[in-house]
Each structure stands twice: as C-alpha cells, then as structure tokens.
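Residues per chain are reported as follows:
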Amino acid sequence: MISTQNTDIIPENWYNVVPDLPEPMPPPRDNDMHKSSIELLNRILPKKVIEQEFTFKKYERIPDEVIELYEQIGRPTPLVRAKNLERYLNYKGKIYYKFEGATVTGSHKINTAIPQAYYAANEGIKEVTTETGAGQWGTATALASSMNGMKSKVFMVNVSYQQKPLRKTVMNLYGSEVVPSPSPLTPTGRKFLSDSPNHPGSLGIAISEAVEYALENNIRYLLGSVMNSVITHQSIIGLETQKQLEIAGEEAEVLIGCVGGGSNFGGFVFPIIRDGKERTIISSTAREVPKFSKGKYKYDYVDNAGILPSIKMYSLGSDFVPESIYAGGLRYHGASPSLSLLVKNGTVKSEEIGEKQVIEALRVFANTQGIVAAPESGHALASAINYVKSNQGERKTIVVNVSGHGLLDMSIFNRG
Ligand SMILES: *Cc1c(COP(=O)(O)O)cnc(C)c1O
C-alpha cells in the first residue's frame, strides 16, 4: 500500500504493564452490592477484552485489521518539538508534545474503542453500547462501531446532552443513536425519571443504564478508561512516542500527562519507563478532584451502582460529586489500579491544577503552538509550564501528552 504516513512507527504489539509492576496488581473482584459482577463481565464484554483484562502476558499482538484502522484514523499521531513554547518560557532544555488530538475523533479514546469494537464484531455482535459524559468517549465508540459494521447506542449524561448539542451531532453523524440519561429504556433510567423527569443524570447512572441495556439486548458494552485492557490498548501512545524520540535522537527525562481514569497517562508513560531509567514522571489532576492527595487507596466501586467489579485504586468514593469543572474527562473519582500502585510507591508524582491555571496554559499553548488543546490536556500543559518555571536552570527533555483537542469545548474561555 502506498501511503505518505510513516506507518512504520505504529508498533506490532501493545504493552501490558502488569508483569513489570513493582508488586502484584490486586485483581478486580466482586463487591457487596453485586456478588456476581466478575461473572457479569463475561456477558457484556467481548471475550478477547476479558482475556486482556486478566492476562500476565507482557505483549499482545495488535490484529492487522486494527493496525489498518489505526492508520485510517490518523496514527501515528505527531510528536512535535514545541520550539515556540520553549522560547516563550525561556527554557534551555527541550519540550516535546505527543498530539492525540490529531486523531479524527480528536482524542486518544479512539485507540481503545477500535480494538474493543473489532473484537465484538469478530464475535458476531451487531450492536454495542456505552455511556458518555463529556462526549469524547461516545464519539470514539460511535466511529469505531461504524468502522466495524455495527450499530451503537450511547447513553449521554443529560446535562451534557443539553449543554453540548454539537457532540450529539457528531455522534449521530458517525451513525450512533444518542439517548439522554436517565432514559426510559432501562430499569435504572426509569427509576430516576419517575423521581425527577428533568434529572441532570450522572456518569454512574449512565454506566448502569448502558450495562443494563447490554444485558437485556445481548449486545456488548465498551469500556472507556480505568480497566487494564484499556490501558494496554492505549500503550500505542507511548510505544509510538518512544520510536519517534529514537528517530529524533532524544531521551525523555520528564514525562507529563493528565489523569481522569488514567488511560492516556498510563498508555503514554508505561511503555517509556519500561527500561527503568531515572526520570521525573508527573500526573496532573484537577484540583477539584484530588484523588491522589485526598483519596484512599482501597477496593472501591468503578460505577456508583456497583455493577462492575470493584478494583483497588486511589478513590474519593464512588459517590463523590465534584464541582462542575469544565474538564469533564477528569471528573472521575478514581484512577486505574496500575497507576494507583505507581503513585503509592512514589514512581509517579502527582500535581493538582485549578481551572484558572488550566485556562492560562491553554492560552499559552494556543498562542505559541497554535493548538487549542482539550481542557483535560490543559492540566498536563499547566504542569509542564510549572515544571519549567521551577527548574529554570535545567536542560532536560520534557515530553507532554496532549490527549485531545478542545475545538468542541471552547466555552471554557468564556469562564476565566
Ligand atoms: C477522557 C479524556 C481524558 C481523561 O481520561 P483518561 O482515561 O485519564 O485518559 C483526558 N483527556 C481527554 C482529551 C479525554 O477525552
């Protein structure tokens, strides 16, 4: 095939961090709200995804069909040296950014939506479902299912459905049916609607609805973040970055990314730190969702109905209700078990960033590099700027993951 993309950069295998962790990762387990949640996974997830959730294999072959789809949606994504940002900050070292906003759906979420949809379609499934809050995950699911010849239904948290009509339009355009949640389609939705017909909804309710809908219709449910199989699929980000750095003759000395459930961060960082070299690794979270500083490291519910198995992670509690920050993707109460473990043992540092500083970082990045980054990614950029300002004499090479673009989230600039 003749292509002008440098597709050699796309790896042949995904990387699973589990066997390389400093201590065994506590596995998902049943919880008291739901005694058979592990068993339930078998009914709603594609078989291959379950296998990847519990495997100890370090590498997982990426199917050829998935590689081809990765090429179609814009992989490899660029790794760019941010020279104008370096000059603006008067930094004597180098700053690179990996740009996941360059995929056709505008964020890293498509990296896992594609294999999950592919595995479902391979098992003869004709329809998939999921939930979405801010909209990026629903958008990725919508496209990935169309590309694999399946229908999709997305339960979108009602407030977002009302506030982000463009997101709904994009999902419809990609062939998805979008339902505001709570909806009349499921027992959980009907329960909340009867209490309050204009219920704003929540991610927890939307997850419950998608799972119930999948069970009732014998279709499959796709996972957006947190679970280990998702982090493995997202390793494509770090594996590509590593090859791109090699080509540029660079060594990453400081790695920075933002954390909602931990999937773009883990996918970006884990493959690079495989070699065990000394590095500074910073995970950037929202000040309003202080999971690593105020959360507890414990087994907790993934969703607030406790339908999915519990996992051991830093968590603010599944009933945690954050302030309405703009970066919807960072509102999640926990973070993936592998990342939680590495934060606990000190390998990964964490930093909390407030919204004002995020808006400023987004402005600086737009001004210097021309990219309108997603509000979530703005946290990582703010952490990078902080790092440079507090280490002015240094000449280290910093690599930041910019998880998405913010062209559908521009109203954040009317707030600050
Ligand atoms: C969903 C999302 C996040 C947060 O999710 P993670 O699983 O932590 O990566 C961050 N950035 C963007 C652009 C997102 O869409």
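Residues numbered from 1 in each chain as written. Predicted model: local features only at pLDDT ≥ 70, side-chain atom pairs only at ≥ 80, totals over all residues. Heavy atoms only, no water.

**Q** Please clarify how the site of the ligand should be interpreted in this entry.
**A** The ligand sits among 17 residues. The nearest are Lys109, Ser225, Gly260, Ser263 and Asn264. One of the side-chain nitrogen or oxygen atoms of His108 is found 3.0 Å away from an oxygen atom of the ligand. Contact between the ligand and Asn264: an oxygen atom at 2.7 Å from a side-chain N or O atom of the residue. When the free accessible area of the ligand is taken as 380 Å², the share hidden by the protein chains comes to 97%. Considered class by class, the residues forming the shell around the ligand number three nonpolar, twelve polar and two charged. (Near = heavy atom within 4 Å. Polar contact = N/O pair within 3.5 Å; in protein donor to acceptor, adjacent residues only side chain to side chain. Areas by Shrake-Rupley, 256 points an atom, 1.4 Å probe, with all protein chains shown as cover. Nonpolar A, V, L, I, M, F, W, Y, C, P; charged D, E, K, R; others polar.)

**Q** Any chance you could explain the UniProt feature "domain: Tryptophan synthase beta chain-like PALP" (unreviewed entry) in the protein chain here in plain terms?
**A** Under the UniProt annotation, the feature "domain: Tryptophan synthase beta chain-like PALP" (unreviewed entry) is placed at residues 72–404. With 44% helix and 19% strand, the stretch residues 72–404 has end C-alpha atoms that lie 17 Å from each other. (UniProt positions renumbered as here; feature names shortened; annotations may be inferred. Helix = DSSP H or I, 4+ residues; strand = E, 2+ residues; numbered from the N terminus.)

**Q** Help me out: how do you make sense of the sheet that holds strand β5 (residues 127–132) in this one?
**A** Through backbone hydrogen bonds, the strands of a sheet pair up, either in parallel or in antiparallel fashion. A sheet is described by the order of its strands in space; here four strands give the open sequence β7-β6-β5-β8, paired in parallel fashion. Two strands lie at the open edges of the sheet, namely β7 (176–181) and β8 (220–221), each paired on one side alone. In this structure, β5 lies alongside β8, joined through two bridges in parallel fashion. Looking at β8, one finds that Thr129 is bridged to Tyr221. Helix α8 (residues 165–173) contacts β5, β6 (151–157) and β7 of the sheet and is inclined by roughly 145° relative to β7. (Pairing = 2+ DSSP bridges. Contact = heavy atoms within 4.5 Å. Axes fitted to C-alpha atoms, helices over the stretch in contact; angles between N-to-C directions.)

**Q** Just checking my understanding: could you explain the UniProt feature "modified residue: N6-(pyridoxal phosphate)lysine" (unreviewed entry) in the protein chain for this structure?
**A** This chain's UniProt record puts "modified residue: N6-(pyridoxal phosphate)lysine" (unreviewed entry) on Lys109. Within the fold, Lys109 resides in the loop between β4 (94–99) and α5 (110–122). Ignoring anything within four residues of it in the chain, the contact list for Lys109 reads Gln136, Trp137, Ala140, Gly224 and Gln234.

**Q** Honestly, the nonpolar core in this entry has me stumped. Any pointers?
**A** Soluble globular proteins tend to pack their nonpolar side chains together in the buried interior. Ranked by size, the top nonpolar core spans 81 residues in total, and within it Tyr221, Leu255, Phe270 and Leu339 carry the most contacts. For this core, the element with the most residues is α5, which contributes seven residues. Two domains each provide a minimum of three residues to this core, namely domain 1 (14–63 + 110–221) and domain 2 (74–107 + 234–414). Leu339 has contacts with Val259, Gly262, Phe265, Phe270, Phe292 and Val348, leaving out every residue within four places of it along the chain. (Core = buried A, V, L, I, M, F, W, Y, C linked by side-chain atoms within 4.5 Å. Buried < 20%, exposed > 50% of the residue type's maximum accessible area, 1.4 Å probe, protein only. Domains from an automatic or database assignment.)

**Q** What am I meant to see in the domain arrangement of the protein chain here?
**A** Domain annotation of the protein chain identifies domain 1 (14–63 + 110–221) and domain 2 (74–107 + 234–414). Domain 1 and domain 2 are separated by 23 Å when their C-alpha centres are compared. Contacts between domain 1 and domain 2 engage 44 residues on the former and 38 residues on the latter. Interface area for domain 1 against domain 2, summed over the two sides, is near 3500 Å², with a carbon-plus-sulfur share of 64%. Per-residue buried area on domain 1 facing domain 2 is highest for Tyr15, Met33 and Asn111; these three make up 17% of the total on that side. Linking domain 1 with domain 2 are three salt bridges, by the criterion used here. The residue Asp409 makes a salt bridge to Arg167 at a minimum N-O spacing of 3.8 Å. (Buried area = accessible area lost by both parts, 1.4 Å probe. Salt bridge = Lys/Arg side-chain N within 4 Å of Asp/Glu carboxyl O.)

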